[in-house]
Amino acid sequence: MHRILFGDNQFFGINHMSEEKARAQAMRFQDTQAILEVLEAAYEEGIRVFMCTTHERVAEVCNHFRTNASRFPDFVFYPCMPYAHKYANAVTEHGIVEALRRFLPQQGALGVLLRGSVSVARKDVETIARLLIDAEMKMFAGLKTPVIFLQNVVSDLLLGMGVKDGFRTFADYVRERYGAEPGFITMNLPRLLDALASVGIENPIVCSNINKIGFRMCGGMPKYEELLRTRRFRAIAMSVFASGAIPPREAIEYACKLDGVESIVFGASNRANIRQTRKLIGEYWGV
């Protein structure tokens, strides 16, 4: 797993501290070309992984990297699914059947739709889950996706409902169908690690908030630090800057010096910030 990952929150107007900043970023990145310019700058600064949601505009990004594969031979995607708003908007605008048709792979689309309809009627949750994973992965066809993540909107819902087998279904399918490692994003690291262990998922890849002020770290900083020291899992730290509340050097130093943190995912809107973060991580990790 790469140690430095580039995220996409800034491209789609997501900022957990400032709605004003989020709106400004959403306006700036209305044009996909603006997103591509930042991603190319990240690549030139040595970053090789784009950890992204399955937002519909990511499909345009995927098209660019497919078309220009020779320019970015070692660039990889870490898809994070599902992007729930995408489905809600599509169903509202087009209806359920047309929404499914738009998202499911084109090859054998009719058969897929029929299987989906039968699965819904039979309440076959595993088949429905596989169909939805295929729908989300459609945009990444032909691209390298060595790790595929289950978004926290689903991970934490499964935790709350006690449906632990859902994690096993996801993990098994992305391994079998896509030859990828399953990853899990959560706002509750302690509970998720217990749930994954209970269904036999060993040494999981888990992305969670890890930062110096405990921002959105459900269970508290001491518990997270203890788990990083004592549990076997591959930790990705997100929200290390706490949406700008922690100075860059202070934020990176804390995350890099924690036992057990293997990767850091961060977002940035310009080359200067990418370079600064890349340099700081390199300083503490020697990468």
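Small disclaimer: the values here were computed from a predicted structure and weren't measured.

Student: Lay out the overall build of the protein chain with the relevant residues and their values.
Tutor: Counting secondary structure elements, the protein chain contains 13 helices and eight strands. Out of the 287 residues in the protein chain, the part that is buried amounts to 49%. Across the protein chain, every contact between residues at least 6 apart in sequence was considered, and the portion connecting residues at least 24 apart equals 75%. With an accessible surface of roughly 13700 Å², the protein chain has 52% of that area assigned to carbon and sulfur atoms.

Student: Describe the pairing of strand β2 (residues 49-53), listing the residues and the values that go with them.
Tutor: Burial of β2 is extensive: five of the five residues sit out of reach of the surface. Burial of the side chains of β2 extends over both faces: V49, M51 and T53 are buried on one face and F50 and C52 on the other. Sheet analysis places β2 next to strand β3 (residues 76-81), joined by five bridges and oriented parallel. From the neighbouring strand, C52 faces β3, where its bridge partner is P79.

Student: Can you explain helix α2 (residues 32-44)? Please cite residues and give values.
Tutor: Turn by turn, an α-helix covers 3.6 residues, leaving residues three or four places apart pointing in a common direction. With 13 residues, α2 should reach 18 Å at 1.5 Å per residue; the first-to-last C-alpha distance of 18 Å fits that figure. Counting buried residues along α2, 10 of its 13 residues qualify, which places the element largely inside the surrounding structure. If you check which residues of α2 are buried, you get T32, A34, I35, L36, V38, L39, E40, A41, A42 and Y43. By the N-cap criterion, in which a side-chain oxygen at the helix start approaches the backbone nitrogen of a residue two or three places on, α2 is capped by D31, the distance to Q33 being 3.0 Å.

Student: How would you sum up helix α12 (residues 248-257)? Please name residues and give values.
Tutor: Here α12 has its buried residues at A251, I252, Y254, A255 and C256. Buried residues along α12 sit in contact with α11 (221-230), β8 (261-266) and α13 (271-285).

Student: Describe in detail the state of the cysteines, supporting the description with residues and values.
Tutor: Under the definition given, this model contains zero disulfides. Just so you know, C207 is unpaired, no disulfide at all, and the nearest cysteine sulfur is the one on C80, 7.2 Å from it. Given the relative accessible area of 0%, C207 is considered buried.

Student: Provide a residue-level description of a nonpolar patch on the surface, including the pertinent values.
Tutor: A surface patch of nonpolar side chains, amounting to about 280 Å² of accessible area, comprises L157, M161 and V163. Using a relative accessible area of 56% as the deciding quantity, one classes M161 as exposed.

Student: Explain the packing of α2 against helix α3 (residues 58-67) residue by residue, including any values.
Tutor: Closest axis-to-axis distance for the α2/α3 pair is 10 Å, and the angle between their directions is 55°. Judged by the angle between their axes, α2 and α3 are oblique. Between α2 and α3 lies a crossing of right-handed hand. Residue-level contacts link T32, I35, L36, L39 and E40 of α2 to E60, V61, H64 and F65 of α3.

Student: Account for the nonpolar core, naming residues and giving values.
Tutor: Membership of the largest hydrophobic core comes to 75 residues, with the highest contact counts inside it found for F6, F77 and F167. Of the residues forming this core, the biggest block, eight residues, is contributed by α2. The residues touching F167, leaving out its near neighbours within four places in the chain, are L150, S155, L158, L159, F184, L192, A195, L196, V199 and I201. Core analysis: the next-biggest nonpolar cluster, separate from the first, contains 15 residues, C80, F149, M187 and I236 among them.

Student: Please give an account of the environment of I4 that cites residues and values.
Tutor: Structurally, I4 is set in strand β1 (residues 4-6). Spatially, the C-alpha atom of I4 lies 5.3 Å from that of I264, the residues being 260 residues apart in sequence. When residues no more than four places from it in sequence are discounted, the contact partners of I4 are I47, V49, I264, F266, R278, I281 and V287.

Parameters and conventions
Residues numbered from 1 in each chain as written. Predicted model: local features only at pLDDT ≥ 70, side-chain atom pairs only at ≥ 80, totals over all residues. Heavy atoms only, no water. Helix = DSSP H or I, 4+ residues; strand = E, 2+ residues; numbered from the N terminus. Buried < 20%, exposed > 50% of the residue type's maximum accessible area, 1.4 Å probe, protein only. Contact = heavy atoms within 4.5 Å. Areas by Shrake-Rupley, 256 points an atom, 1.4 Å probe, with all protein chains shown as cover. Pairing = 2+ DSSP bridges. Expected span 1.5 Å × (residues − 1). Polar contact = N/O pair within 3.5 Å; in protein donor to acceptor, adjacent residues only side chain to side chain. Disulfide = S-S within 2.5 Å. Patch = residues over 30% accessible without salt bridge, like charges linked within 9 Å, V, L, I, M, F, W, Y side chains within 5 Å. Salt bridge = Lys/Arg side-chain N within 4 Å of Asp/Glu carboxyl O. Axes fitted to C-alpha atoms, helices over the stretch in contact; angles between N-to-C directions. Parallel < 35°, antiparallel > 145°, perpendicular 65-115°, else oblique. Left-handed = near helix turned anticlockwise from the far one by under 90°. Core = buried A, V, L, I, M, F, W, Y, C linked by side-chain atoms within 4.5 Å.

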